[in-house]
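Structural overview
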Amino acid sequence: MINLLLALSSFLVTADPALPEKAKVGVVLSMTGDTAAFGDMTWTGIQIAKEMKPKVLGADLELVLVDNKSDKIEAANAAQRVVQRDKVIAILGEVASSRSMAISSVAESKKIPQISPSSTNPLVTQGKRYVFRACFIDPFQGQVIANFALQNLKAKTAALLTDIAQDYSVGLSNYFKTTFEKGGGKVIKELRYQTNDQDFSPQLTVLKGTPPDVLVITGYYQEAALVSKQARGLGLKSTILGGDGAEAPELLKLGGEAVEGFYFSTHFDEKSATTAIGRKYVEAYRAKFNKAPDALGALGADAYFMLAEAIEKAKSFEPEKIRDELEKMKGFEAVSGIISMDEKHNAVKSAVVKKVEKGEFVYVTTVNP
Amino acid sequence: MIVELLLQQLVNLLSLGSLYALIAIGYTLVYGVLRLINFAHGDVMMVGAYIATFALTRLPWPAAFGVAVCGTALLGVAIERAAYRPLRTAPRLSLLITAIGASLFLENIGIVVFGGRPLAFPAIGLFDRVLHIGGISLPLLSVWIPAGTAVVLAVTFWIIYRTRTGMAMRAISRDRETAQLMGVNVNRVITLTFALGSALAAVGGIMWSIKFTSITPLMGVMPGIKAFVAAVLGGIGSVPGAALGGLVLGGLEVLFVAFLPELSGYRDALAFFILIGILLIRPRGIMGEDLPE
């Protein structure tokens, strides 16, 4: 009898040697602070993805969410915490490039794969072994905005407003400038601010004498809304442009009438949902919130789906094997498009340009790489 | 053209500077009576802004502002009861620590109750309009804020120098024990000081929100620090000093950004630079009293 039990138990153990009942996944996001909207939107997307695919290899993927308060140091601490305390097999996050880099220093040293849903600065994955992303990068996004300004808006002069505290903003401004000047445009003023600044009137006043055709703010939604408002208050009539950091409902709420006609490039629109899973996601999102899904949520879902796919391909929850599969990912059908990793761990995908019209985000065009 | 730009910057300077002044007046008032650096002042301001935001959806703006000012004054009294009064005789350092605790408490309660994402302050037509005079754009708010600050300053002066409570405040500030022996009800006066200081914070929070629209649980942190710098700059404890310090700080920031645009991302650093400078050169500030030995 005992022998039989022993035999049985050894059989049970050997049947599925490496597969646990659940695996923990760290999610490090800005749920409070300056870019709380990004964290919230991304988290919503990840949760919908989890509802669509709760189990991988028969195991429950348990999400451990930690708020980083929109702060670089908190982000590194949060990553440290999920790796050490929760023993996660992978980390999803962050939205902001500066914070993704803070997390990646932990991911690299602990050899835990990290997938950033929507950090677009090239440095986030450059030279990193364990860091991946679900989105395109800023050299491409800078081109998209600059070409849109040159060709669609016929702009000849531009002023840049850069958030010096955000690697995303600094990078995007540089890439915009390169393409815009190569295309025959001229950047007449480069103004700077720092995350959290609320008063932009002194900077914008400088533009009053020679107003540019376009005013490009490469920072995040809160500042983009305030800049638009204060620019209009000062009587500046330039068209205002931004990057994917502008896309949050807060842009509309905080900016009000001042953001009418604001253009920005971003990752996803329900009109651009081409994959089957993308349409399923749009349906699930609409059923839940009765409104159009945003790009950050879609990318959050993609980060989750990429991880699930890599685990399934690896048939293992070992971080190292998951990493290898992420690196090999080719033609994976995700929510925001088809993801193939390039040699620098970037997803090569098309961009969408949207515009604010009557207090809503309206699809303008899709730009392919 | 140059003249127009300078005049425009002057408008910017006045509206930002008087906003700092407004917040610094409340800050310095509490310090003057209690010798307490009230680090929670910015967070009290945040609560005022939230109350106003919610009240505005139900009430016309004058009533909503009244509700916000009264509600915030009550909050100030509650904080004084809960956090500061038990430590009335404790060393100054304990008071400083409990002030930081109160500040963190309000911020985190704010996050739990209101969530991390910003709310938009409802637009009020009267304050939103912009006049274009020649080449200068004059947001009406740039008139209202300095005017509001002037009224607040006048009322505060009147209370401090023309009422019995004000006399008691000054007496307590000079020597609390003796004031008590002379029959001043110290607890009552301190409570009133907190109510007044918090009401001023609410006015500051409302003005701040009208100007900058975005309401978040952490919105009070930077204005709180700026008000502290303004109060130290003007001479902490001195009400006219706080008003002057606010104007000078706002002015320096605007000039810094206007004339050194390549450094414009460092305007917060400028405030700290000024703070260090004033502490090194003239610790009692521009209009401050001489520090006791």
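Just so you know, these numbers come straight off a predicted model, no measurement behind them.

Right, let's talk about the overall build of chain A for a bit. Assigned secondary structure in chain A consists of 12 helices and 15 strands. For chain A, whose C-alpha radius of gyration is 22 Å, the value lies close to the compact-globule estimate of 21 Å for 369 residues. Overall, chain A is about 95 × 40 × 35 Å in size when its C-alpha atoms are taken along their principal axes. Across the 369 residues in chain A, those meeting the buried criterion constitute 60%. Residue pairs in contact within chain A that sit at least 24 positions apart in sequence constitute 68% of those at least 6 positions apart. Accessible area for chain A stands at about 14,100 Å²; split by element, carbon and sulfur atoms hold 53% of it.

Moving on: helix α5 (residues 138-152) of chain A. Residues and elements named next belong to chain A. With 15 residues, α5 should cover 21 Å at 1.5 Å per step; its first-to-last C-alpha distance of 20 Å lies within 8% of that length. Here α5 has its buried residues at D138, F140, Q141, G142, V144, I145, A146, F148, A149 and L150. As for α5, its buried residues are in contact with α6 (167-182), β9 (214-217), β10 (239-242), β11 (263-266), β14 (351-357) and β15 (360-367). Within two residues after α5, K154 carries a phi angle of roughly 55 degrees, on the positive side.

So, about a nonpolar patch on the surface. Residue and element names in this part refer to chain B. On the surface, a nonpolar cluster with roughly 800 Å² of combined accessible area is contributed by M1, I2, L6, L255, F259, L260, L263 and Y266. Mapped onto the nonpolar patch, the elements with two or more residues apiece are α1 (2-34) and α11 (239-259). Here L263 is to be found in the loop between α11 and α12 (267-281). Here L263 falls in the partly exposed class, since its relative accessible area comes to 35%.

The next thing to look at is empty space enclosed by the protein. Residue and element names in this part refer to chain A. Inspection of the entire model under this criterion finds five cavities of 30 Å³ or more. As a volume, the largest cavity reaches approximately 60 Å³. The wall of the largest cavity is formed by F38, V95, A96, S97, S118, S119, T120, Y168, Y220, D244, G245 and L296. Looking at the lining of the largest cavity residue by residue, the class counts come to six nonpolar, five polar and one charged.

A word on the confidence of the model for chain B. Residue and element names in this part refer to chain B. When pLDDT is averaged across chain B, the result is 91; 98% of the residues are at 70 or more. When the elements of chain B are averaged for pLDDT, helix α5 (residues 125-128) gives the smallest value, 83, and helix α2 (residues 41-56) the largest, 97. Across the assembled chains, the prediction reports ipTM 0.89 with pTM 0.88.

A few words on the environment of I276 of chain B. Inspection of the secondary structure assignment puts I276 of chain B in helix α12. Residues I276 of chain B and G237 of chain B, spaced 39 residues apart in sequence, show a C-alpha to C-alpha distance of 18 Å.

So, on to unusual backbone geometry. All names here are of chain A. The omega angle of the peptide bond from G93 to E94 is 5 degrees, so this bond is cis rather than trans. On the secondary structure map, E94 appears in the loop between β4 (90-92) and α4 (97-110). Of note, the phi angle at H345 is positive, near 70 degrees, even though the residue is not glycine. Tracing the chain through its elements places H345 in the loop between β13 (337-339) and β14. The exposure class of H345 is buried, given its relative accessible area of 3%. Positive phi is not limited to glycine here, since K358 has a value of about 50 degrees. Within the fold, K358 resides in the loop between β14 and β15. We classify K358 as exposed; its relative accessible area is 74%.

Turning next to the pattern of salt bridges. Enumeration over the complete set of coordinates arrives at 28 salt bridges over all chains. Linking E318 of chain A and K321 of chain A is a salt bridge whose minimum nitrogen-to-oxygen distance equals 3.6 Å. The exposure class of E318 of chain A is partly exposed, given its relative accessible area of 43%. E253 of chain B is paired through a salt bridge with K226 of chain B; the nearest N and O atoms lie 3.0 Å apart. Highlighted residues: E253 of chain B in helix α11 and K226 of chain B in helix α10 (residues 221-234), separated in sequence by 27 residues. Here E253 of chain B and K226 of chain B have matching classes, each one buried.

Cut-off values and rules
Residues numbered from 1 in each chain as written. Chains lettered and ligands numbered in written order. Predicted model: local features only at pLDDT ≥ 70, side-chain atom pairs only at ≥ 80, totals over all residues. Heavy atoms only, no water. Helix = DSSP H or I, 4+ residues; strand = E, 2+ residues; numbered from the N terminus. Rg over C-alpha atoms; globule rule 2.2 N^0.38 Å. Buried < 20%, exposed > 50% of the residue type's maximum accessible area, 1.4 Å probe, protein only. Contact = heavy atoms within 4.5 Å. Areas by Shrake-Rupley, 256 points an atom, 1.4 Å probe, with all protein chains shown as cover. Expected span 1.5 Å × (residues − 1). Patch = residues over 30% accessible without salt bridge, like charges linked within 9 Å, V, L, I, M, F, W, Y side chains within 5 Å. Salt bridge = Lys/Arg side-chain N within 4 Å of Asp/Glu carboxyl O. 1 Å grid on protein atoms, 1.4 Å probe; cavity = no way out; pocket = protein on both sides within 12 Å on 5 of 7 lines; lining within 4 Å. Points joined across faces, edges and corners; volume = space filled by probe spheres on them. Nonpolar A, V, L, I, M, F, W, Y, C, P; charged D, E, K, R; others polar. pLDDT = per-residue confidence, 0-100.

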